[in-house]
Amino acid sequence: MKKIFFIIFSLCMLFLSSCAKNSIEENNDDVIQEITMPKPFSEKEGAGGDSAHNFYSDYAFRFGNIESTISNLVDREKSNEWIDNCFAEAIANPEAPEKTLLDYIKYFDIPKEKLKEAVSSTNLPEGWIISPSDVDVIYSGDDYLIKQTFVNEYALFYNGKIYSAEWLYEHSPTDYINEGLPLNEVTVCLEKMEDFSLTEEAIAALEAKAKMLEKEYSEAEITVSPEEPETISITEAPETDEPVSTTHAP
């Protein structure tokens, strides 16, 4: 009896596996509209290093890197405590906005000229730490400009909002359309994902999604108007050399 049950169970699993595979493939001229995206990385290998950062982060590495050139401007113990708290909050609430240098600067009231002087004296590779011109952007109070300047190269920045590679991977063409994202920009971002060490299942699902894009956008018959910058003042980061507010933005 147990053998019979095992055989039936095995056949069911094979059938379900076949259905799951077919759910992300084209059937003649029709394309299945819903794709369940598998985990992008294997549990054994994970994403790791730069790949993990670029897949999950909204921002470029330099906008989140609390390099010693910057951390030396404040009390070391308090700086380490702030960083530890960031990690703890991220683990407790993975959906919370990621912390950036802007949060760090506001929390410790780092003056603009003091920060600019520090980053001007470093010889670190480009992209590892912010530049003097980046400092001007951070203290500008222009939310749109800040996001536009520091958006991750694998993310999509549109209409003042950042869509990470993870968001684009997890969401459907219908979601892209509802957000008003331009087809050509979405396509470019999806193509860039070949740089990641995705599992074979993830690659297959991503390819199937890519094939759906043009058809779904065409059926939606949407037209995306040119992007218009929207400036949002951030009073916590003034343009003057006065200390930045310690209001801790999430």
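Residues numbered from 1 in each chain as written. Predicted model: local features only at pLDDT ≥ 70, side-chain atom pairs only at ≥ 80, totals over all residues. Heavy atoms only, no water.

A. Up close: unusual backbone geometry. Phi is positive for Asp-109, close to 55°, though the residue is something other than glycine. Relative to the helices and strands, Asp-109 is located in the loop between α5 (101-108) and α6 (112-120). Among the residues examined, Asp-109 registers a relative accessible area of 28% and is labelled partly exposed. (Helix = DSSP H or I, 4+ residues; strand = E, 2+ residues; numbered from the N terminus. Buried < 20%, exposed > 50% of the residue type's maximum accessible area, 1.4 Å probe, protein only.)

B. Examining the confidence of the model for the protein more closely. On average, residues of the protein carry a pLDDT of 80, and 72% of them reach 70 or more. Long-range and interchain partners of residues 1-32, a stretch whose pLDDT sits below 50, account for 15 contacts in this model, where long-range means more than four residues apart. Within the model, the stretch residues 230-250 combines pLDDT values under 50 with 52 contacts to residues more than four positions away or in other chains. (pLDDT = per-residue confidence, 0-100. Contact = heavy atoms within 4.5 Å.)

C. Inspection of the nonpolar core at higher detail. The biggest cluster of nonpolar side chains holds 28 residues, and the ones touching the most others in it are Leu-115 and Ile-130. Those elements giving two or more residues to this core turn out to be α4 (76-92), α5, α6, α7 (132-138) and α8 (143-150). Here this core takes five residues from α5, the largest share from any one element. Filtering out sequence-adjacent residues up to four positions away, Ile-130 remains in contact with Arg-62, Ile-70, Leu-101, Leu-115, Val-119, Val-135, Ile-138 and Phe-150. Counting residues in each nonpolar core, the second largest holds 27 residues, with Phe-55, Tyr-176, Leu-206 and Ala-208 among its members. (Core = buried A, V, L, I, M, F, W, Y, C linked by side-chain atoms within 4.5 Å.)

D. The packing of helix α11 (residues 183-192) against helix α12 (residues 200-220), seen in detail. At their nearest, the axes of α11 and α12 sit 11 Å apart, and the two run at 175° to each other. If you check the angle between α11 and α12, you find them roughly antiparallel. Counted together, Leu-183, Val-186, Thr-187 and Leu-190 of α11 and Leu-206, Lys-209, Leu-213, Glu-214 and Tyr-217 of α12 form the full contact between these two elements. Here the residues of the contact of α11 with α12 are counted per class, giving six nonpolar, one polar and two charged. (Axes fitted to C-alpha atoms, helices over the stretch in contact; angles between N-to-C directions. Parallel < 35°, antiparallel > 145°, perpendicular 65-115°, else oblique. Nonpolar A, V, L, I, M, F, W, Y, C, P; charged D, E, K, R; others polar.)

E. Representation of a negative patch on the surface in the model. A surface patch of negative charge is lined by Asp-75, Glu-77, Glu-81 and Asp-84. Mapped onto the elements, Asp-84 comes out in helix α4. (Patch = residues over 30% accessible without salt bridge, like charges linked within 9 Å, V, L, I, M, F, W, Y side chains within 5 Å. Areas by Shrake-Rupley, 256 points an atom, 1.4 Å probe, with all protein chains shown as cover. Salt bridge = Lys/Arg side-chain N within 4 Å of Asp/Glu carboxyl O. Lys, Arg positive; Asp, Glu negative; His and termini not counted. Charge placed at Lys NZ, Arg CZ, Asp CG, Glu CD.)

F. The arrangement of the packing of α4 against α5 in detail. Their axes nearest at 12 Å, the elements α4 and α5 cross at an angle of 135°. As judged from the angle between their axes, α4 and α5 are oblique. Where α4 crosses over α5, the handedness of that crossing is right-handed. Packed against α4, whose contacting residues are Lys-78, Ser-79 and Trp-82, the element α5 presents Asp-103, Tyr-104, Tyr-107 and Phe-108 at the interface. Considered class by class, the residues forming the contact of α4 with α5 number four nonpolar, one polar and two charged. (Left-handed = near helix turned anticlockwise from the far one by under 90°.)

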